[in-house]
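Structural characterization, general
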Amino acid sequence: MSTCDHIPANPDVSAIGIRINLYVTTLLLALVPNTDSTAELLQVLTSNAGISGTALLITALIETGKGQLSLYHAIFIIHALFFLGINISPTAKYKEEREIRLLLSMFLTYSLLLLFTGYALYIWATAPKFGQPSRCNDQINISCSL
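Model, not experiment: these values are computed from the prediction.

Next up on the list: the overall build of the chain. When you go through the chain residue by residue, the secondary structure sums to five helices and zero strands. Across the chain, helices and strands are ordered from the amino to the carboxyl terminus as α-α-α-α-α. Burial analysis of the chain (146 residues in total) assigns 32% to the buried set. Once local pairs closer than 6 in sequence are excluded, the contacts in the chain between residues at least 24 apart make up 71%.

What follows is the structure, encoded as structure tokens:
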């Protein structure tokens with residue numbers, strides 16, 4: 001058995017709770033209709049997805065900086081963030097606060113989007129030598145077989 005037969009689990013990135021949050025939030029966002037009675041629910045789901053995506057991106061950056069993230073998990077994060085997105089939604093009810101929060105949320109959202117794009121480009125540019133164990137990167141196969 002070669003050392004590349006098994007990629008060690010990384011619970012900070014792909015634990016069951018993180019995956020359930022990803023799957024349930026994405027499913028609900030796809031299934032819940034956008035009506036007046038569901039508007040608040042959709043806003044909460046969007047906020048949850050955005051905050052979870054931001055937390056996952058920050059975790060990825062820290063793990064990458066420490067050299068503790070495998071290419072497999074980095075690709076998992078890129079795919080998860082594609083579905084979750086990165087969005088900071090304003091929730092103020094007063095007009096004065098709403099404008100400030102809207103500007104702040106736009107700044108944060110676009111900054112995080114640029115950070116994610118840069119991180120994704122970095123992963124793909126350094127894929128052959130990225131992370132732990134990099135000697136196995138050429139054997140990673142993420143495919144869907146039906």
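Alright, that's what it looks like, and here's the rest.
Okay, the nonpolar core next. The nonpolar side chains of soluble globular proteins are, as a tendency, buried together. The biggest cluster of nonpolar side chains holds 23 residues, and the ones touching the most others in it are Leu69, Ile77, Tyr119, Ile123 and Phe130. Broken down by secondary-structure element, the contributors of at least two residues to this core are helix H3 (39–66), helix H4 (71–84) and helix H5 (95–125). For this core, the element with the most residues is H4, which contributes nine residues. The residues touching Phe130, leaving out its near neighbours within four places in the chain, are Thr64, Leu69, Ser70, Leu71, Ala74, Tyr119, Tyr122, Ile123 and Asn137.

As annotated by UniProt and renumbered to match this structure, "transmembrane region" (unreviewed entry) occupies residues 41–62, 69–88 and 100–125. Each end of residues 41–62 is marked by a C-alpha atom, and these two atoms are 32 Å apart; helix forms 100% of the span and strand 0%. As annotated, residues 100–125 comprises 100% helix and 0% strand, and the C-alpha atoms at either end are separated by 37 Å.

Moving on to the packing of aromatic side chains. By the definition in use, this model includes one aromatic pair. Taken together, a centroid distance of 6.2 Å and an interplanar angle of 75° make the contact between Tyr122 and Phe130 edge-to-face. On the basis of relative accessible area, Tyr122 is assigned to the partly exposed category, the value being 42%. Exposure remark for Phe130: the relative accessible area of 4% places this residue in the buried category.

Looking at the chain, the pLDDT average stands at 82 and 86% of residues meet or exceed 70. Ranking the elements of the chain by mean pLDDT puts helix H1 (residues 11–14) last with 84 and H3 first with 89.

Okay, the packing of helix H2 (residues 16–31) against H4 next. One can describe the packing of H2 onto H4 by two numbers: an axis separation of 10 Å at closest approach and a directional angle of 30°. In terms of orientation, H2 lies roughly parallel with respect to H4. H2 and H4 meet at a crossing whose hand is left-handed. Facing Arg19, Leu22 and Thr26 of H2, the residues of H4 in contact are Phe76, Ala80, Phe83 and Leu84. Looking at the contact of H2 with H4 residue by residue, the class counts come to five nonpolar, one polar and one charged.

A surface patch of nonpolar side chains, about 340 Å² in accessible area, is lined by Ile16, Ile20, Val24 and Leu28. Note that Ile16 resides in helix H2. Judged by relative accessible area, Ile16 falls into the exposed class, the value being 56%.

Another aspect to go through is the packing of H2 against H3. Two elements in contact, H2 and H3, have axes separated by 10 Å at closest approach and are oriented at 145°. When the axes of H2 and H3 are compared, the crossing they make is left-handed. Contacts between H2 and H3 involve Asn21, Thr25, Leu28 and Leu29 from the first element and Leu42, Leu45, Thr46, Asn48, Ala49 and Ser52 from the second. Partitioning the contact of H2 with H3 into residue classes produces five nonpolar, five polar and no charged.

Scoring rules and cut-offs
Residues numbered from 1 in each chain as written. Predicted model: local features only at pLDDT ≥ 70, side-chain atom pairs only at ≥ 80, totals over all residues. Heavy atoms only, no water. Helix = DSSP H or I, 4+ residues; strand = E, 2+ residues; numbered from the N terminus. Buried < 20%, exposed > 50% of the residue type's maximum accessible area, 1.4 Å probe, protein only. Contact = heavy atoms within 4.5 Å. Core = buried A, V, L, I, M, F, W, Y, C linked by side-chain atoms within 4.5 Å. UniProt positions renumbered as here; feature names shortened; annotations may be inferred. Phe/Tyr/Trp six-rings, centres within 6.5 Å; stacked < 30°, edge-to-face > 60°. pLDDT = per-residue confidence, 0-100. Axes fitted to C-alpha atoms, helices over the stretch in contact; angles between N-to-C directions. Parallel < 35°, antiparallel > 145°, perpendicular 65-115°, else oblique. Left-handed = near helix turned anticlockwise from the far one by under 90°. Nonpolar A, V, L, I, M, F, W, Y, C, P; charged D, E, K, R; others polar. Patch = residues over 30% accessible without salt bridge, like charges linked within 9 Å, V, L, I, M, F, W, Y side chains within 5 Å. Areas by Shrake-Rupley, 256 points an atom, 1.4 Å probe, with all protein chains shown as cover. Salt bridge = Lys/Arg side-chain N within 4 Å of Asp/Glu carboxyl O.

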